[in-house]
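This is what each chain is made of:
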Amino acid sequence: MADVNAQGGTGLLRAAYRIAWKDVVGDFRRRSTLAAMLFFAIAVLVVFQAAFEPDRQEATRLLPGLLWTTVLFTTLVGLGRVFQAEEEDNAFEGLLLSPLPRGVLYLGKWGGNLALTLLVEILLLPCMLVLFNVDAWGQLHQVFGVLLLGTLGLTGLGVLLAALTQAARARETLLALLLLPLVVPLLIAGVQATGNILTGGSDNGPWLQLLVTFDVVYLAMAPWGFGWLVEE
Amino acid sequence: MAELLTENVDHRYGRQRVLNGINLHAGPGGCAVLFGANGSGKSTLLALLATRYRLRGGRYRLNGLDVSTTSGETIRRQLMLLGHYTHLYGHLNALENLQFFSDLRGLIPSMEQLRTAIAAVGLDGYAERPVRGFSAGMRKRLALARVQLAMPSLLLLDEPYSALDAAGVAWLNAMLIAYLGGGGTVIMASHDPERVAALPHIPYRLEGGRLWPMSTHREEPAC
């Protein structure tokens, strides 16, 4: 059998991919996280729509805030379950006993959560435009771009904090308490950038730069922080 | 082939000292079996040898490498710990679990090799069944199939006979004898001297945080 003794970059990427694959496949088979995130997102949208009953102009003004609020809370639902599969048969211990750098374990867990969150967003955004009767189909790809940038940082930091709180009794509350203050700048940048796209605003550069900056900071720090967290 | 040496290894949980000056040596083809009461520190010692816990006192060398100054990845590549948990995912089938394990260790087995490993532990016919439906004994067998795929130089086993039926015990002992014959090293914690008796081994007793060779008087710690 071929044995890549010192795992090179390809071997490490394959390992990270396999961890993410395991989480995504597991979720499709159990129908757990994805279903919960989708149900939650649609419920929030319906409640917002029923509560505000906005006309088209007002809906365009409200949509960025409603979109990012829904994304934030939907992401929290997913993050609360990101280490759930590892509780079975103490599987997380098995990951820690593997000869992989801790950062690769983090990348795998983050990749799985990112894939599920993006999938929900891909389904969520068209639903939102239909439900609020907002004609922004021409800007859909730009809004997706901003969502992607925001989601990278949101899930990047979120998975690290999920690892920190996984052993806590009230872990989902604790996760929200820790995550929300840290992602406020990211959310503000996301809302402003989305608003600019929908209203045809001129300069989106600074908000996009802010999103990219937070993504880089969170994603550079998180693999290192994860390694530090899981060592005993 | 593995050469394991610990000198004055300590470990504490908070203020409680669980391991106190552990000296253990096992060379290629050597099998050390740790006996001791519940809570005597056997599992802690195995977890420490697997680098799951950071070494806080004493020295630990594996194959000439000082574990304190060598990366955890390098050390963990040379060993496997099979403990009370099998670390299997219930939503994956047996083949997928082995594939997952192989990717984590950087192994590149063919599908045929994976199926052969599953058949070798008596689980042919269950390769594509979700592990969720496996009994404890079947899970243990599948976990042992991972050992056959990786063939590490050091094997750390915590109560390996639990959940195995008589045929499973005989198969496991045959596998371990072949593994030791190939120069592998085994450190095992067990409550079952009768089942271990089939293996060539050196028995130790872990008591009060100290390790004693069972063949000598208790006043002399193992070295």
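All of these numbers come straight from a predicted model, not from anything done at the bench. (Residues numbered from 1 in each chain as written. Chains lettered and ligands numbered in written order. Predicted model: local features only at pLDDT ≥ 70, side-chain atom pairs only at ≥ 80, totals over all residues. Heavy atoms only, no water.)

Scanning chain A for helices and strands turns up 8 helices and 1 strand. In chain A, the succession of helices and strands from N to C terminus is β-α-α-α-α-α-α-α-α. A total of 232 residues make up chain A; the buried ones form 51% of that total. Counting contacts in chain A only where the partners sit at least 6 residues apart, residues at least 24 apart contribute 79% of the total. About 10,300 Å² of surface is accessible on chain A, with carbon and sulfur atoms providing 66% of the total. If the 13 positive side-chain charges of chain A are averaged to one point and the 18 negative ones to another, these points end up 6 Å apart. (Helix = DSSP H or I, 4+ residues; strand = E, 2+ residues; numbered from the N terminus. Buried < 20%, exposed > 50% of the residue type's maximum accessible area, 1.4 Å probe, protein only. Contact = heavy atoms within 4.5 Å. Areas by Shrake-Rupley, 256 points an atom, 1.4 Å probe, with all protein chains shown as cover. Lys, Arg positive; Asp, Glu negative; His and termini not counted. Charge placed at Lys NZ, Arg CZ, Asp CG, Glu CD.)

Turning our attention to the interface of chain B and chain A. Accessible area lost on assembly of the parts is the figure often given for the size of an interface. Each side of the interface is counted separately: chain B has 31 residues, and chain A has 37 residues. A buried area of about 3,400 Å², summed over both sides, lies between chain B and chain A, and 54% of it is on carbon and sulfur atoms. On the chain B side of the interface with chain A, the three residues burying the most area are Arg52(B), His91(B) and Leu104(B), jointly 23% of the side's total. Asp103(B) is the partner of Arg18(A) in a salt bridge, and the nearest nitrogen-oxygen pair spans 2.6 Å. Where chain B touches chain A, the interface holds 16 residue pairs in polar contact (both at pLDDT 80 or more). In terms of residue count, the dominant contributor to the side of chain B that touches chain A is helix 3 (residues 94–105) of chain B (6 residues). A per-class count over the side of chain B that touches chain A returns 13 nonpolar, 8 polar and 10 charged. (Buried area = accessible area lost by both parts, 1.4 Å probe. Salt bridge = Lys/Arg side-chain N within 4 Å of Asp/Glu carboxyl O. Polar contact = N/O pair within 3.5 Å; in protein donor to acceptor, adjacent residues only side chain to side chain. Nonpolar A, V, L, I, M, F, W, Y, C, P; charged D, E, K, R; others polar.)

Next up on the list: a nonpolar patch on the surface. All names here are of chain A. A surface patch of nonpolar side chains, about 340 Å² in accessible area, is lined by Leu164, Leu174, Leu177 and Leu178. Ranked by residue count, the leading element in the nonpolar patch is helix 7 (residues 171–199), at 3 residues. Tracing the sequence through the fold places Leu174 in helix 7. You can call Leu174 partly exposed: its relative accessible area is 34%. (Patch = residues over 30% accessible without salt bridge, like charges linked within 9 Å, V, L, I, M, F, W, Y side chains within 5 Å.)

All names here are of chain B. Within the sequence span of helix 4 (residues 111–120), burial applies to Leu114, Ala117 and Ile118. Take helix 4 and look down its axis: the buried residues cluster within an arc of 100°, on one side only. On its buried side, helix 4 packs onto helix 3 and helix 5 (136–150). Directly after helix 4, the chain includes Gly122, whose backbone phi takes a positive value near 80°. (Arc of directions from axis to C-beta.)

Residues and elements named next belong to chain B. Strand order in the open sheet made by the 4 strands is 2-1-4-5, with antiparallel pairing throughout. The sheet terminates laterally at strand 2 (16–26) and strand 5 (65–66), the two strands that pair on one side only. Here 7 bridges tie strand 1 (residues 4–13) to strand 2, and the two strands are oriented antiparallel to one another. Bridging from a neighbouring strand, Arg12 pairs with Arg17 of strand 2. Relative to strand 1, helix 1 (residues 42–49) is tilted by about 120°, and along the sheet it contacts strand 1, strand 2 and strand 4 (57–62). (Pairing = 2+ DSSP bridges. Axes fitted to C-alpha atoms, helices over the stretch in contact; angles between N-to-C directions.)

Here we come to the pattern of salt bridges. Within the structure shown, the criterion is met by 17 salt bridges over all chains. The salt bridge partner of Glu86(A) is Lys109(A), with a shortest N-O separation of 2.6 Å. Linking Glu86(A) in the loop between helix 3 (56–79) and helix 4 (91–96) with Lys109(A) in helix 5 (residues 102–131), this pair joins segments that are 23 residues apart in sequence. A relative accessible area of 0% means that Lys109(A) is categorised as buried. The residue Glu7(B) makes a salt bridge to Arg59(B) at a minimum N-O spacing of 3.5 Å. Here Glu7(B), found in strand 1, pairs with Arg59(B), found in strand 4; they are 52 residues apart in sequence, far enough to count as distant.

All names here are of chain B. Sheet architecture is open: 6 strands sit in the order 6-8-9-3-10-11, paired in mixed fashion. One side of each edge strand has no neighbouring strand; the edge strands of this open sheet are strand 6 (79–82) and strand 11 (210–213). Strand-to-strand twist in this sheet, taken as the mean axis angle between neighbours without regard to direction, amounts to 20°. Across 4 bridges, strand 3 (residues 31–35) lies against strand 9 (residues 185–189) in parallel orientation. By the bridge assignment, Val33 is partnered in strand 9 with Met188.

All names here are of chain B. According to the domain assignment, chain B contains domain 1 (1–78 + 152–223) and domain 2 (88–151). Taken together, the two surfaces of domain 1 and domain 2 that pack against each other cover about 1,100 Å², and 65% of this comes from carbon and sulfur. On the domain 1 side of the interface with domain 2, the three residues burying the most area are Pro152, Trp171 and Met175, jointly 45% of the side's total. Seen at the junction of domain 1 and domain 2, the total is 1 salt bridge. Across the pair Asp165 and Arg141 runs a salt bridge whose closest N-O atoms are separated by 3.3 Å. Counting every contact that joins domain 1 to domain 2 gives 6 residue pairs in polar contact (both at pLDDT 80 or more). (Domains from an automatic or database assignment.)

Take the nonpolar core next. The biggest cluster of nonpolar side chains holds 68 residues, and the ones touching the most others in it are Leu67(A), Phe83(A), Leu95(A), Phe132(A), Val183(A) and Phe226(A). In terms of residue count, the dominant contributor to this core is helix 6 (residues 140–165) of chain A (12 residues). When sequence neighbours within four positions are dropped, the list of residues in contact with Val183(A) reads Leu72(A), Leu154(A), Leu157(A) and Tyr218(A). By size, the runner-up hydrophobic cluster in this structure holds 42 residues, among which are Ala94(B), Ile118(B), Val147(B) and Val186(B). (Core = buried A, V, L, I, M, F, W, Y, C linked by side-chain atoms within 4.5 Å.)

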